[in-house]
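# Fold and contact review
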Amino acid sequence: MSREAIDNLTLDLEEMRKLAASAQRSRVQQMLAIDVRKLETDIQRQRDLLAAQASSEQSVTRPIQQTPVSAPGDIRRYQVELKEYAWDQSDKFIKIFVTVNGVQQVPEDNVNVEFTENSFQLVISDLNNKDYIFVVNHLLNPIDVEKSYRRVKSDMVAIYLAKQGPAKWAHLTLTAKRLQDLKDERLSDSKKVSNDADPSAGLMNIMQQLYETGDPETKRMINKAWHESQTKQKPPTLE
């Protein structure tokens, strides 16, 4: 993302803060606060990416491997954060499927996954002059690092997380479990409040606190849950 795009995001942030300051209803204030935090996170991430790119261009100790070209000069590679994925499981493995168009075209050595007991990071280097990164932290249960691996398929990378036991995973991450617990708590609390109370206010406060203190995976899950809840609340349109 260019500095001009970051400047536009900053202007959006200022406008969002003004709206939040002028809002009167508590729920609207909470909704705007989450959007403000999201914009702040996006701006900071893009600034970090620009700084990392500038640093990598100046560094001579950590050169980036890239395909030789006939034209002189360096090729600038941009970092792309992958967000969409699907997952399944068997008795022995958690299977993650990450869609990346054309990934089969790069050398095998350009597709790497770093595993820990509670997380993994996929890095695809120099695919159409871009580096793709996919990170999942706070896995629901510890995995067997030595037995975990990845496979490159047509337009897809399949990541196999070896379970330490045969138990079924209800969620991929602790973050997803936490959000589900919040939804269950909301349903339980809604039965106890009076008709004139707002049963979602408590949930909004908790989600805002999680968003402010959470890592990128936590914020990604909260944004997804928020989007889904807003989609369900929209009335049908008449054609």
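Residues numbered from 1 in each chain as written. Predicted model: local features only at pLDDT ≥ 70, side-chain atom pairs only at ≥ 80, totals over all residues. Heavy atoms only, no water.

## A closer look at the sheet that holds strand β6 (residues 130–136)
Our working definition: Any two strands are treated as partners once DSSP identifies two or more bridges connecting them. Segments assigned H or I by DSSP are reported as helices when at least four residues long, segments assigned E as strands when at least two residues long, and all are numbered from the N terminus. As a rule, the C-alpha atoms of each element are fitted with a line to give its axis, helices using only the stretch in contact, and angles between N-to-C directions run from 0 to 180 degrees.
The strand order β1-β6-β5-β4 describes an open sheet built from 4 strands, whose pairing is mixed. Two strands bound the open sheet, and with one partner strand each, they are β1 (78–81) and β4 (111–115). Averaged over all pairs of adjacent strands, the angle between their axes in this sheet comes to 20°, without regard to strand direction. When β4 meets strand β5 (residues 120–127), the two strands line up antiparallel, connected through 5 bridges. Its bridge partner lying in β5, E114 is registered against Q121.

## Structural notes on the packing of aromatic side chains
We apply this condition: Only Phe, Tyr and Trp rings are paired, with Trp represented by its six-membered ring, and only when their centres lie within 6.5 Å; those with planes under 30 degrees apart are stacked, over 60 edge-to-face, the remainder tilted. For the exposure calls, accessible area comes from a 1.4 Å probe over protein chains only, and a residue counts as buried if that area is under 20% of its type's maximum, exposed if over 50%, partly exposed in between.
Overall, the coordinates contain 5 aromatic pairs when judged by the stated rule. With centroids separated by 4.8 Å and ring planes inclined at 15°, the aromatic side chains of Y149 and Y160 adopt a geometry described as stacked. Pair noted here: Y149 is in strand β7 (residues 143–153) and Y160 is in strand β8 (residues 156–163), with a separation of 11 residues, a long-range link. Owing to a relative accessible area of 29%, Y149 belongs among the partly exposed residues under this scheme. Judged by its relative accessible area of 9%, Y160 falls in the buried class. Members of the aromatic cluster, joined through ring pairs, are Y85, F120 and F134.

## Quick look at the pattern of salt bridges
The condition is simple: The salt bridge definition used is simple: a Lys or Arg side-chain nitrogen within 4 Å of an Asp or Glu carboxyl oxygen.
What the rule picks out here adds up to 4 salt bridges. Put simply, D131 and R77 hold a salt bridge, and the shortest N to O gap is 2.9 Å. Taken together, the residues D131 in strand β6 and R77 in the loop between α2 (26–58) and β1 connect sequence positions 54 residues apart. Both residues of the pair, D131 and R77, count as buried. Between D91 and K168 there is a salt bridge whose closest N-O contact spans 4.0 Å. Of the two residues, D91 sits in the loop between β2 (86–89) and β3 (93–99) while K168 sits in the loop between β8 and α3 (174–190), which places them 77 residues apart along the sequence. The exposed category is assigned to K168, whose relative accessible area is 56%.

## A look at the environment of D88
Heads up, the condition is: Every residue pair with non-hydrogen atoms within 4.5 Å of one another is taken to be in contact.
For D88, the position within the fold is in strand β2. It is 9.2 Å that separates the C-alpha atoms of D88 and L172, two residues lying 84 residues apart in sequence. Each residue touching D88, except ones within four places of it in the same chain, is listed here: F93, I94, K95 and F97.

## What to know about the pairing of β7
Where β7 and β8 come together, 7 bridges link them in antiparallel fashion. Bridge pairing in β8 links D144 to A162. Counting the residues that bridge the hairpin from β7 to β8 gives 2 residues, and of these D155 lies at a positive phi of roughly 60°.

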